[in-house]
Amino acid sequence: ASVMDGFRDGDHRILLATDMAARGLDVPDTSHVIMFDMPPTAESYLHRAGRTGRMGRPGVVVTLASKQEVFVVERLGNALSVAIAPVSGGH
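Draft legend 1. Geometry of helix H1 (residues 2–9). For H1, the set of buried residues is Met4, Gly6 and Phe7. In a view along the axis of H1, the buried residues occupy a sector of 160°, so they form one face of it. With respect to the buried face of H1, the exposed residues turned more than 90 degrees away are Ser2 and Asp9. Phi turns positive one or two residues past the end of H1, at Gly10, with a value near 90°.

Structure follows, in structure tokens:
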């Protein structure tokens, strides 16, 4: 509870949470969500991404994916009718 209070108050700038923990989080003004593991479904992706950009505010979702997972990200984007812009790390 004290960590969440610190994050909401701006004392902590980064919050690292598991998928299970993130399900119950409602933190206004979250500007970025970074997904390390690919979500299993479009609904899971939308739920995770929905932690940012609420109430018409801007938000950024970064999904880390290997070259082998790019098709999964594209499939999620198509299923959700959202544009996902790939950015290559050059490796």
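Additional details are given in the paragraphs that follow.
Draft legend 2. Region of interest: the pairing of strand E2 (residues 60–63). Bridging between strand E1 (residues 32–35) and E2 involves four bridges; their strand directions are parallel. When the bridges of E2 are listed, Val33 appears paired with Val61.

Draft legend 3. Structural detail: helix H4 (residues 70–80). Considered for burial, the residues of H4 that qualify are Val72, Val73, Leu76 and Gly77. Buried residues of H4, seen end-on, are gathered within an arc of 140° and therefore sit on one face of the element. In H4, the exposed residues that point more than 90 degrees away from the buried face are Phe71, Asn78 and Ala79. On its buried side, H4 packs onto helix H3 (42–49) and E2. Among the residues trailing H4, Ser81 stands out with phi positive, at a value near 55°.

Draft legend 4. Just the confidence of the model for the protein, in detail. The pLDDT averaged across the protein works out to 81; a share of 91% of its residues lies at or above 70. For the protein, per-element mean pLDDT is lowest for helix H2 (residues 19–22), which scores 66, and highest for H4, which scores 87.

Draft legend 5. Structural detail: the packing of H3 against H4. Their axes nearest at 9 Å, the elements H3 and H4 cross at an angle of 80°. Here H3 lies roughly perpendicular to H4, going by the angle between them. Touching Ala42, Tyr45 and Leu46 of H3 are Leu76, Ala79 and Leu80, all from H4. For the contact of H3 with H4, the per-class residue count stands at six nonpolar, no polar and no charged.

Draft legend 6. Structural view of the side chain of Thr30. With respect to the element layout, Thr30 can be found in the loop between H2 and E1. Non-local contacts of Thr30, meaning those with residues more than four positions away in its chain, are made with Phe7, Arg51, Thr52 and Gly53.

Draft legend 7. Fine view of the nonpolar core. By size, the foremost hydrophobic cluster in this structure holds nine residues: Val33, Met35, Met38, Ala42, Tyr45, Ala49, Val72, Val73 and Leu76. At the level of elements, E1, H3 and H4 are the ones that each hand at least two residues to this core. Leave out the neighbours within four places in its chain, and Leu76 touches Met38, Pro39, Thr41, Ala42 and Tyr45.

Thresholds applied
- Residues numbered from 1 in each chain as written.
- Predicted model: local features only at pLDDT ≥ 70, side-chain atom pairs only at ≥ 80, totals over all residues.
- Heavy atoms only, no water.
- Buried < 20%, exposed > 50% of the residue type's maximum accessible area, 1.4 Å probe, protein only.
- Helix = DSSP H or I, 4+ residues; strand = E, 2+ residues; numbered from the N terminus.
- Arc of directions from axis to C-beta.
- Pairing = 2+ DSSP bridges.
- Contact = heavy atoms within 4.5 Å.
- pLDDT = per-residue confidence, 0-100.
- Axes fitted to C-alpha atoms, helices over the stretch in contact; angles between N-to-C directions.
- Parallel < 35°, antiparallel > 145°, perpendicular 65-115°, else oblique.
- Nonpolar A, V, L, I, M, F, W, Y, C, P; charged D, E, K, R; others polar.
- Core = buried A, V, L, I, M, F, W, Y, C linked by side-chain atoms within 4.5 Å.

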